[in-house]
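Chains, contacts and geometry: an overview
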Amino acid sequence: MIYKYVPKPLKKHYKKLFWRVFYNYIGTIGILRKARFLNHGIIEDGENIELDEYNPLLFRRLSQNLYLHLMREATIDGKNYLEIGCGRGAGLELLMTHYKPAKAVGVDISDANIRYGKKLNKGNAVEFIRGDAEKQIFPNKSFDVVLNLESSHCYASKMNFYKNVFAILKDDGTFLYSDLFWHDDQTAAMEKQFDELGFYIEKKTDNTKPIMRSIELQASIRKHYVKGKISPNKKLSDMVALPGTPLYDGLTNGTIKYLFYVLKKKK
Ligand SMILES: C[S@@+](CC[C@H](N)C(=O)[O-])C[C@H]1O[C@@H](n2cnc3c(N)ncnc32)[C@H](O)[C@@H]1O
């Protein structure tokens, strides 16, 4: 709402500040205070998961499924791994239980999420840095794998983010990239940007349906919680894609797609 009135030169600063404050804020309220994962989760074909009451462990499993679905596409053992937009560090905690990376780093713009991630990963050799996905803070070609999950829709310039990833990724590195994308023409423009930067798409998966299964399953429970505790904040209902919100409608009618790209550098 306010975004519309922000002068153009200030829009990008506003967006960054908004998400930083937003994620710091949701760390203080309702069931979201304890949520380790901040993604929609996935129920893959043939998987049968039932839920008839709020069960944090089951919610968590859906999100873990999603991380593992991405991680599976890269060689991680013995490699330098970076997650940009790492949220509360639960993806990195999961990484450390399934893989043996040489180095694991998480970057996020929210101070609260970084604090949460450090606490959750006490005892794990994971480094957490508060930083902006659009700014290069690591040396060129320093990571083998860069993962980004449900974060890039917050960025003021996705192009700056792609440039950053391209710079810090090794020549034979893998960029695991998954998010919600609006409209096919925007997706086509983004794929052109990948190409112009020097990436090629090794694999592209439309995960809208399996993600919707997870959203639908959780919505039956979340509706109750969001109504009781956080309904005044429309943004939150939309964020968790409750039925009737623009996000839910977009995913249902096909104007929003949930895509997963495996990107590599052209030789
Ligand atoms: C929907 S959450 C996803 C977090 C995590 N990937 C997960 O699946 O649990 C989006 C995350 O992106 C982070 N974020 C937003 N803008 C960012 C930016 N410019 N740079 C780095 N992180 C950012 C937010 O703070 C938040 O933790």
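Predicted, not measured: the structure shown is a model, and the values here were computed from it.

Every buried residue of helix 9 (residues 246-253) is accounted for by Leu247, Tyr248, Gly250 and Leu251. Projected down its long axis, helix 9 shows its buried positions confined to an angular sector of 165°, all on one face. For helix 9, the exposed residues lying more than 90 degrees away from the buried face are Pro246, Thr252 and Asn253. Of the residues one or two after helix 9, Gly254 is the one with positive phi, at around 90°.

What follows deals with unusual backbone geometry. One non-glycine residue, Glu150, lies in the positive phi region at around 50°. Counting through the fold element by element, Glu150 comes out in the loop between strand 4 (143-149) and helix 5 (158-168). Of note, the phi angle at His183 is positive, near 60°, even though the residue is not glycine. Secondary-structure assignment places His183 in the loop between strand 5 (169-182) and helix 6 (184-197).

Glancing now at the environment of Gln136. Position of Gln136 among the secondary structure elements: in the loop between strand 3 (126-130) and strand 4. Separated by 24 residues in the primary sequence, Gln136 and Asn160 have C-alpha atoms spaced 9.0 Å apart. Residues within four places of Gln136 in sequence aside, it is in contact with Asn164, Ala167 and Ile168. Here the side chain of Gln136 touches Phe138 through a polar contact of 2.9 Å, landing on its backbone oxygen. Side chain to side chain, Gln136 and Asn140 meet in a polar contact 2.8 Å long.

Bringing the confidence of the model for the chain into the picture now. Summary statistics for the chain give a mean pLDDT of 88 and a share of 87% for residues scoring 70 or more. Every residue in residues 228-232 is under pLDDT 50, and counting partners more than four places away or in other chains gives seven contacts.

On to the side chain of Asn164, then. Following the sequence through the fold, Asn164 ends up in helix 5. By relative accessible area, Asn164 is classed as buried at 6%. Among the polar contacts made by the side chain of Asn164, one reaches the main-chain carbonyl oxygen of Ala133 at a distance of 2.9 Å. Among the polar contacts made by the side chain of Asn164, one reaches the main-chain carbonyl oxygen of Lys135 at a distance of 3.4 Å. Ignoring sequence-local partners within four residues, the contact set of Asn164 consists of Ile84, Ala133, Lys135 and Gln136.

Once that is clear, we can look at the site of the ligand. Around the ligand, the structure places 21 residues, and the nearest of them are Leu38, Asp108, Asn113, Ala133 and Ser151. Within the backbone of Leu38, a nitrogen or oxygen atom sits 2.7 Å from an oxygen atom of the ligand. Within the side chain of Glu83, a nitrogen or oxygen atom sits 3.4 Å from a nitrogen atom of the ligand. Relative to its free-state accessible area of 600 Å², the ligand is covered by the protein chains to the extent of 98%. Split into classes, the residues belonging to the shell around the ligand amount to ten nonpolar, seven polar and four charged.

Here we take up the pattern of salt bridges. Side chains that differ in charge, positive against negative, can pair when their charged atoms come close. Taken as a whole and assessed by the stated rule, the structure comprises 15 salt bridges. Across the salt bridge formed by Lys257 and Asp184, the nearest N and O atoms sit 3.9 Å from each other. Taken together, the residues span a long stretch of sequence, with Lys257 in strand 7 (residues 256-265) and Asp184 in helix 6 at a distance of 73 residues. Judged by its relative accessible area of 24%, Lys257 falls in the partly exposed class. The exposure class of Asp184 is exposed, given its relative accessible area of 52%. Across the salt bridge formed by Glu191 and Lys204, the nearest N and O atoms sit 2.6 Å from each other. With Glu191 in helix 6 and Lys204 in strand 6 (residues 199-206), the pair connects residues that are 13 residues apart, well separated along the chain. Using a relative accessible area of 43% as the deciding quantity, one classes Lys204 as partly exposed.

Here is what the cut-offs are and how they apply
Residues numbered from 1 in each chain as written. Predicted model: local features only at pLDDT ≥ 70, side-chain atom pairs only at ≥ 80, totals over all residues. Heavy atoms only, no water. Buried < 20%, exposed > 50% of the residue type's maximum accessible area, 1.4 Å probe, protein only. Helix = DSSP H or I, 4+ residues; strand = E, 2+ residues; numbered from the N terminus. Arc of directions from axis to C-beta. Contact = heavy atoms within 4.5 Å. Polar contact = N/O pair within 3.5 Å; in protein donor to acceptor, adjacent residues only side chain to side chain. pLDDT = per-residue confidence, 0-100. Near = heavy atom within 4 Å. Areas by Shrake-Rupley, 256 points an atom, 1.4 Å probe, with all protein chains shown as cover. Nonpolar A, V, L, I, M, F, W, Y, C, P; charged D, E, K, R; others polar. Salt bridge = Lys/Arg side-chain N within 4 Å of Asp/Glu carboxyl O.

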